[in-house]
Amino acid sequence: MRGAVFVLLMFLFHIGASAGAAGAQDWQQLTGPGRQGVESCPLPRDGRDAFFCLSLTCPHPGRAMDWTVTYRGTALGDGELPVAISVDHGAPQVIRLGYRPGPEGVQSYVGGFDRKAHGLLLTRLAQGLNAELVLGEGAGAVTHRLGLAGSHRAITALDDLCPDPIAHAPAEAPMAAPYAAPTGPDPRTGQAESPKPGILPYPGGYPPGHVLSAADVRATLIGHELSWSNSGGASRMLFRADGQLTGLSQNGESARPFTGHWQLREDGQLCWTTHASGCFRFRGAADGLHVLRSDGGRALDLGRVSIAP
């Protein structure tokens, strides 16, 4: 009888343990105030215990997502950090993150999510069983393993938590018609001159020939989606206030989304780094604001800029 009771207790313990394991979720949705998205934090985060977290979040719906690795452990420096992610022992994919200062003893690295470059990796994370992350390169690299329980449900929710800012961008508003710039009386007749085309009433209203200063760029362009087109195709770019950049370049039916970072120089040049890099200047013209590619030794007019609200 005692043996039967022991077997029954072991059976019930096994059932309870299996149910607990099945109910455990390694991946969670972040839906509270502040950044939202998905996160995996499998190790303790209290006190001075080591921990490791991988998250993919956005500031709010409609804004671009960022990868973030946060952990306490071996110091990996304050430069760019390559992170190789492999799912179920498959080929690794490398994402590159930049150091972000944080609390003492905690290391944080952040990088933009590129839907084209990282989309397959995200699908693998949603469908796999386990993932391995190698932080850094060479002898100093650190390896962390993540379970993927709950990843499918959490990652699927990203479509609602952090929708694609390019795919869900509002339709571009039509450009307003030029207004007539007052010119004063004709000195020959004393009569008012016929109105001449003026600049478009975009924010700032810069006159023809005016090159935007750094202060002008911050006041007029940062935080607004910019678009322009020319014989080489069309471009849409959003220079976010946090230094992140999202965009879409289109040539015919081929469209390429991209993410990156931007910097504003003291002379008003807006420089960016994505899969490529370069610098822009912005100048008023009779038909509105124009963007000029300003690196490479000469200024190349890329076309008139439309500025979304």
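This text follows the structure it describes.
Calculation notes
Sequence order sets the numbering: in each chain, residues are counted from 1 along the sequence as written. The predicted origin of the model limits local features to residues at a pLDDT of at least 70 and limits the giving and counting of side-chain atom pairs to 80 or more, whereas totals for whole chains, interfaces and linings rest on all residues. Water and hydrogen atoms were dropped before computing side-chain values, which therefore reflect all heavy atoms in the structure. Strand pairing is assigned whenever DSSP identifies at least 2 bridges connecting the two strands. The secondary structure listing takes helices from DSSP runs of H or I that are at least 4 residues long and strands from runs of E that are at least 2 residues long, numbered from the N terminus. Disulfide assignment relies on a single distance test, namely cysteine sulfur atoms paired within 2.5 Å. Relative accessibility decides the category of a residue: with a 1.4 Å probe and only protein chains considered, values under 20% of the type maximum give buried, values over 50% give exposed, and everything between is partly exposed. Centres within 6.5 Å make a pair out of two Phe, Tyr or Trp rings, where for Trp the six-membered ring is used; the pair is then stacked when the planes are under 30 degrees apart, edge-to-face when over 60, and tilted otherwise. Between Lys or Arg on one side and Asp or Glu on the other, a salt bridge is scored when a side-chain nitrogen of the former is within 4 Å of a carboxyl oxygen of the latter. Think of a nonpolar core as a cluster: buried Ala, Val, Leu, Ile, Met, Phe, Trp, Tyr and Cys residues, connected wherever their side-chain atoms sit within 4.5 Å. Each cavity reported here is a set of points on a 1 Å grid over the protein atoms alone in which a 1.4 Å probe fits but cannot get out, each pocket an open set with protein on both sides within 12 Å along at least five of seven lines, and each lining residue one with an atom within 4 Å of a point. Grid points are joined across faces, edges and corners, and a volume is the space filled by probe spheres set on the points. Side-chain classes are defined by residue name, with Ala, Val, Leu, Ile, Met, Phe, Trp, Tyr, Cys and Pro counting as nonpolar, Asp, Glu, Lys and Arg as charged, and the others, Gly among them, as polar.

Undergrad: I would appreciate a short explanation of the pairing of strand E6 (residues 93-100) in the present structure.
TA: The side chains of a regular strand alternate between both faces of the sheet. In the sheet, strand E5 (residues 81-87) pairs with E6 via five bridges, with the strands oriented antiparallel. Residue pairing across strands places Ile 85 opposite Gln 93, the latter belonging to E6. Here E5 folds back onto E6, and the loop between the two strands holds five residues, one of which, Asp 88, carries a positive phi near 50 degrees. Looking at chain direction, E6 and strand E7 (residues 107-112) are connected through three bridges and run antiparallel.

Undergrad: I keep staring at the state of the cysteines and nothing clicks. Help me out?
TA: Covalent bonding between the sulfur atoms of two cysteines is what defines a disulfide. If you walk through the whole model with that rule in mind, you get three disulfides. Here Cys 58 pairs with Cys 162 through a disulfide, and the sulfurs are 2.1 Å apart. Across the S-S bond linking Cys 58 and Cys 162, the dihedral sits near -85 degrees, which makes this disulfide left-handed. One end of the pair, Cys 58, is in strand E3 (residues 51-58); the other, Cys 162, is in the loop between helix H4 (158-161) and strand E10 (180-181), with 104 residues separating them in the sequence. In terms of burial, Cys 58 and Cys 162 fall into one category: buried.

Undergrad: How should the packing of aromatic side chains be read in this particular structure?
TA: Two numbers describe a pair of aromatic rings. These are the distance of the centres and the angle of the planes. The tally for this structure, following the rule as stated, stands at seven aromatic pairs. A ring pair is formed by Trp 228 and Phe 280, whose centres lie 5.5 Å apart and whose planes are at 80 degrees; its orientation type is edge-to-face. Taken together, the residues span a long stretch of sequence, with Trp 228 in strand E12 (residues 225-230) and Phe 280 in strand E17 (residues 277-285) at a distance of 52 residues. Take Trp 228: its relative accessible area is 6%, and that puts it in the buried class. Cluster of aromatic residues (ring-pair linked, three or more members): Trp 228, Trp 272, Phe 280 and Phe 282.

Undergrad: Would you mind going over the sheet that holds E12 with me for this structure?
TA: Pairing between sheet strands relies on hydrogen bonds along the backbone, with the strands arranged either parallel or antiparallel. Taken together, the nine strands give an open sheet; going across it, the order is E19-E18-E17-E16-E15-E14-E13-E12-E20, and neighbouring strands pair in antiparallel fashion. What marks the edges here is a single partner per strand, and that holds for strand E19 (300-304) and strand E20 (306-307). Strand direction decides the pairing type here: strand E18 (residues 288-293) and E19, joined by four bridges, are antiparallel. Within E19, the residue paired with Val 291 across the bridge is Gly 303.

Undergrad: Explain the pattern of salt bridges here, please?
TA: Opposite charge on two side chains allows them to pair when their charged atoms are near. If you walk through the whole model with that rule in mind, you get seven salt bridges. Residue Arg 281 pairs with Asp 267 through a salt bridge whose shortest N-O separation is 3.1 Å. Placement of the pair is Arg 281 in strand E17 and Asp 267 in the loop between strand E15 (254-264) and strand E16 (270-273), with a sequence separation of 14 residues. Because the salt bridges share partners, they merge into one network encompassing Arg 35, Asp 66, Arg 240 and Asp 242.

Undergrad: Help me understand the nonpolar core in this model?
TA: Grouped together as the largest cluster of nonpolar side chains are 33 residues, with contacts concentrated most on Trp 27, Trp 67, Leu 125 and Leu 133. When contributions to this core are tallied by element, the ones reaching two or more residues are E3, strand E4 (66-72), E5, E6, helix H2 (115-127), strand E8 (130-135), helix H3 (151-156) and H4. Formed by 23 residues, the second largest nonpolar core is a distinct cluster that contains Leu 221, Trp 228, Met 237 and Leu 270.

Undergrad: Help me out: how do you make sense of unusual backbone geometry in this one?
TA: Across the chain, the bulk of peptide bonds are trans and the bulk of non-glycine residues have phi less than zero. For Asp 88, which is not a glycine, the phi torsion comes out positive at approximately 50 degrees. Tracing the backbone shows Asp 88 in the loop between E5 and E6. Classification of Asp 88 as partly exposed rests on a relative accessible area of 38%. We note that His 89 has phi near 65 degrees; this positive angle belongs to a residue other than glycine. Tracing the backbone shows His 89 in the loop between E5 and E6. Classification of His 89 as exposed rests on a relative accessible area of 84%.

Undergrad: Explain the layout of surface pockets here, please?
TA: Empty space within the largest pocket amounts to approximately 460 Å³. Lining the largest pocket we find 22 residues, and of these Arg 96, Gly 112, Thr 259, Gly 260 and Thr 274 sit closest to its centre. With six residues, the top contributor of residues to the lining of the largest pocket is E15. Looking at side-chain class alone, the lining of the largest pocket contains seven nonpolar, 10 polar and five charged residues.

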